[in-house]
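Fold and contact review
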Amino acid sequence: MNTHSPNIRPVIRQLDEAAINRIAAGEVVERPASAVKELVENAIDAGARRIDIAHADGGKTLIRVADDGCGMTADELPLALSRHATSKIDGSDLLDIHSFGFRGEALPSLGAVGRLTITSRAEGAEAAEIAVSGGTVAGVKPAALNRGTVVALQDLFYATPARLKFMRSDRAEAQAIGDVIKRLAMAEPSVGFTLRDVTGGGDRVTFRADPQSGDLFDALRGRLGQVMGREFIENALAVDAEREGFRLTGYAALPTYSRGSSVAQYLFVNGRPVRDKLLIGALRGAYQDFLSRDRHPAAALFIDCDPHKVDVNVHPAKSEVRFRDPGLVRGLIVSALRHALAEAGHRASTTVAGATLGAMRPEQTQPRAYQMDRPSPGARAAAYQAQAPGFAELRDSWSARVEAIVEPDAEPDHPAQPVEALPLGAARGQVHENYIIAQTADGMVIVDQHAAHERLVYEKLKRQMAENGVAAQALLIPEVVDLSPDDAARLLAVADDLSRIGLTLEPFGGGAVAVRETPAILGEVNAKALILDILDELADQGSSALVQEKIEAILSRVACHGSIRSGRRMRGEEMNALLREMEATPHSGQCNHGRPTYVELKLADIERLFGRT
């Protein structure tokens, strides 16, 4: 890297303004989506209620952002193109930030690498326009505009053509722009957004989100439905928790509504979209007991706090933040999400039933012929009685059995509730010695008896462990692990937490740590490997749940072996007892790997399969 001649001393010189702006643009404007982000954030900071974004060729040839915000006067336009000129902070407190932008770098940086035109009109003033091309600023001139600001950026990176070689395809850049707009739209539900592709003279609307009204959760629910889709809203749980000045709100999806990647994870700090590994790790940690490693939760979470408790000025694009107390924030996310998931009880995603119905493809039939309407309960009872011999033959079958309908005895003061009225209904049969068929008030439920009982046993084991603690086994000869002094100090700082789950550590002089006890349930443990893995997790996330996860993995395997096996014939009372226990147990809607334990089909959907609607 060192290319200067050893005989020539390098001389320090001041770079010219154009070079400074191009260097700044390299940090702030990575791709067209980065330019869109900066311009739309400026529009939001200006108080805009509606923002229209247009782009051509993935933003490479044109980006235009129009808003109805407060606008600028003719005198302010040249100042807006000066570096570190801003109306958003006064510079006295760089932590007290309540706006998206605050550095005053975006517009001069964009003007240094492209052809930038700004047209603006403030209330009570005439509209004016200013243009800058490759860092060369033209004079201010009159313009025609009703209100707000229109910023047009053409030929991005024309002044730095080497950057164009690193651009991706027009389609990929357009998708990145769409992702930026969707994140900002979620952050500002009361603002309307329209994204248009005007490539080749066209005008195609690719995303529209109308302004939402109502309280915090109503407006956010409406906006998330526009951005993430109706299915997410139908299968999401509202989250609202507060701890020591930090408030967490938003929506998190059920574990059975998981994704194959992390594309449906949206995190915001004081309204700012961020991609922070601490927050992503906390989200993953909250779901680690419900999802396998190849599945990812879907969520939109908002953390609000005093600006002095978080530093947003640690990344050029402001996409990462630094909390004063990261452990507190992680604990809030994990506990709030687990509480919301526990309150969901046995609920499972509605998409499971949709996928089931989609797999049932009826054969093409002739046009619907006349058929009788749905029979009355009395007619059904008479039909069952008449066909009883045929059903009786099925009782001894190994692939299907029909259970008699047994209603609970009624108490004098409390009339008995029909079993079908309960959430998971009444067991009516068992097929293939693995699937329970239950009838509900408006449909039917198919339960995987092994997966359901495995979850029930697992939750029971976890509850017993929480009540009685984790048994520890003392090592006959303590295992000494040599570490660096910093690693040893980091590990010993969480020694009390590790001791509560059966891992006892003590300092052994210098950087050495002695492992005196390990969790008994883990059996024989490679203490050094375990300690090093814990240290890696501490360095990456600031906390470690590794030992807890290992213990819960053992409990999961114990639950698997201790649960009702596939192939076992169950009596009617056993099946109904399993259904009632599922209704009373949190997280019973999914197995230990995030797969559903039951599928509910509504009667209307079943009738649609048979052309009865």
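If you're wondering where the values come from, they're calculated on a predicted model, not measured in any experiment.

1. With respect to the overall build of the protein
Regarding its fold elements, the protein presents 20 helices and 24 strands. Within the protein, the proportion of its 613 residues that are buried is 45%. Expressed as a percentage of contacts within the protein between residues at least 6 apart in sequence, the contacts between residues at least 24 apart total 69%. Surface exposure of the protein reaches about 31,700 Å², of which carbon and sulfur atoms provide 52%.

2. Considering the pattern of salt bridges
Inspection of every chain in the model, using the stated rule, returns 21 salt bridges. Between Arg247 and Asp240 there is a salt bridge, with its nearest N and O atoms 3.0 Å apart. A salt bridge links Asp487 to Arg490, with the nearest nitrogen and oxygen atoms 2.9 Å apart. Note that Asp487 and Arg490 are positioned in helix α15 (residues 485-492) at a spacing of 3 residues, about one turn of the helix. With a relative accessible area of 25%, Asp487 lands in the partly exposed category. Residue classification places Arg490 among the partly exposed positions, given a relative accessible area of 34%.

3. Quick notes on the environment of Arg338
Position of Arg338 among the secondary structure elements: in helix α10 (residues 326-343). You can call Arg338 partly exposed: its relative accessible area is 32%. Each residue touching Arg338, except ones within four places of it in the same chain, is listed here: Gly285, Ala286, Gln288 and His587.

4. Description of the packing of aromatic side chains
Enumeration according to the criterion identifies 4 aromatic pairs in this entry. Seen in terms of ring centroids, Phe268 and Phe302 are 4.4 Å apart; in terms of plane orientation they differ by 5 degrees. Their pairing is stacked. With a gap of 34 residues between them, Phe268 in strand β12 (residues 265-269) and Phe302 in strand β14 (residues 299-304) connect regions that are remote in the sequence. No difference in accessibility class separates Phe268 from Phe302, as the two residues are buried.

5. Notes on the pairing of strand β2 (residues 62-67)
Bridging between strand β1 (residues 50-56) and β2 involves 6 bridges; their strand directions are antiparallel. Residue pairing across strands places Ile51 opposite Asp67, the latter belonging to β2. Count of turn residues in the β1/β2 antiparallel hairpin: 5 residues, of which Asp57 carries a positive phi of about 55 degrees. Where β2 lies against strand β7 (residues 148-154), 6 bridges are found, and the strand directions are antiparallel. Paired with Ile63 across the bridge in β7 is Leu153.

6. A word on the confidence of the model for the protein
Across the protein, the average pLDDT comes to 80, with 78% of residues at or above 70. Mean pLDDT across the elements of the protein bottoms out in helix α13 (residues 388-394) (47) and peaks in strand β8 (residues 192-197) (96). Residue range residues 365-372 is modelled with pLDDT below 50. Its contacts to residues more than four positions away, or to other chains, number 5 contacts. Ignoring residues within four places in sequence, the model shows residues 390-399, a span with pLDDT below 50, making 18 contacts including any to other chains.

7. A closer look at the sheet that holds β12
Spatial strand order, β10-β11-β14-β12-β13: 5 strands in an open sheet with mixed pairing. Taken across any chain shown, the strands that pair with only one partner, and hence form the sheet edges, are β10 (236-243) and β13 (272-274). Going from strand to strand, the sheet's axes swing by 20 degrees on average, the running direction of each strand aside. Both strand β11 (residues 246-253) and β14 contribute to a ladder of 6 bridges, which runs antiparallel.

8. Some remarks on the nonpolar core
Within the largest apolar cluster, 60 residues are counted, with the highest numbers of intra-cluster contacts made by Val40, Ile51, Phe193 and Phe232. If one sorts the elements of this core by residue count, helix α6 (residues 170-187) sits on top with 8 residues. Leaving out residues up to four positions away in the same chain, Val40 has contacts with Ile51, Ile53, Val65, Ile181, Leu184 and Phe193.

9. Brief notes about helix α4 (residues 106-113)
Most of α4 is tucked away, with 8 of its 8 residues classed as buried. Where α4 is concerned, the buried positions are Ala106, Leu107, Pro108, Ser109, Leu110, Gly111, Ala112 and Val113.

10. Side note on the side chain of Glu574
Relative to the helices and strands, Glu574 is located in helix α19 (residues 572-584). Only 2.9 Å separates the side chain of Glu574 from the backbone nitrogen of Arg571, close enough to count as a polar contact. Setting aside residues no more than four positions away along its own chain, Glu574 makes contact with Arg568 and Arg569.

11. Examining the sheet that holds strand β23 (residues 512-519)
An order of β21-β23-β22 is seen for the 3 strands of this open sheet, with the pairing classed as antiparallel. Strands with a single pairing partner mark the edges of an open sheet, and in this sheet they are β21 (472-482) and β22 (504-507). Mean inter-strand twist for the sheet, computed between neighbouring axes without regard to direction, equals 20 degrees. The pairing of β22 with β23 spans 4 bridges and is classified as antiparallel. Note on β23: the bridge partner recorded for Thr504 is Glu517. Sitting on the sheet, α15 is in contact with β22 and β23, with an inclination near 135 degrees to β22.

Quick notes on the rules
The numbers attached to residues start from 1 for each chain and follow its sequence in the written order. Residue-level local features of this predicted model are given only where pLDDT is at least 70; pairs of side-chain atoms are given and counted only at 80 or more, and the full residue set underlies all totals for whole chains, interfaces and linings. Only hydrogens and water are set aside when side-chain values are computed; all heavy atoms of the structure are taken into account. Strands here mean DSSP runs of E at least two residues long; helices mean DSSP runs of H or I at least four residues long; both are numbered from the N terminus. Three exposure classes are used, based on accessible area relative to the maximum for each residue type with a 1.4 Å probe and protein chains only: buried under 20%, partly exposed in between, and exposed over 50%. Here a residue-residue contact requires only that any non-hydrogen atoms of the pair lie within 4.5 Å. Method for areas: the Shrake-Rupley scheme with a 1.4 Å probe, in which residue coverage is limited to the protein chains shown. Each salt bridge in this description consists of a side-chain nitrogen of Lys or Arg and a carboxyl oxygen of Asp or Glu lying within 4 Å of one another. Planes of paired rings set the category: under 30 degrees apart is stacked, over 60 is edge-to-face and the rest tilted, where pairs are Phe, Tyr or Trp rings (Trp by its six-membered ring) whose centres lie within 6.5 Å. Two strands pair under a simple rule: DSSP has to find at least two bridges between them. Every residue gets a pLDDT, meaning the predictor's confidence in that residue, from 0 to 100. To define axes, lines are fitted to C-alpha atoms, for helices over the stretch in contact only, and angles between the resulting N-to-C directions are given on a 0 to 180 degree scale. For this analysis, a nonpolar core means a set of buried residues of the types Ala, Val, Leu, Ile, Met, Phe, Trp, Tyr and Cys, connected via side-chain atoms within 4.5 Å. Side-chain atoms alone can form a polar contact between residues adjacent in sequence; in general such a contact is a pair of N or O atoms within 3.5 Å, and within protein one must be able to donate a hydrogen while the other accepts it.

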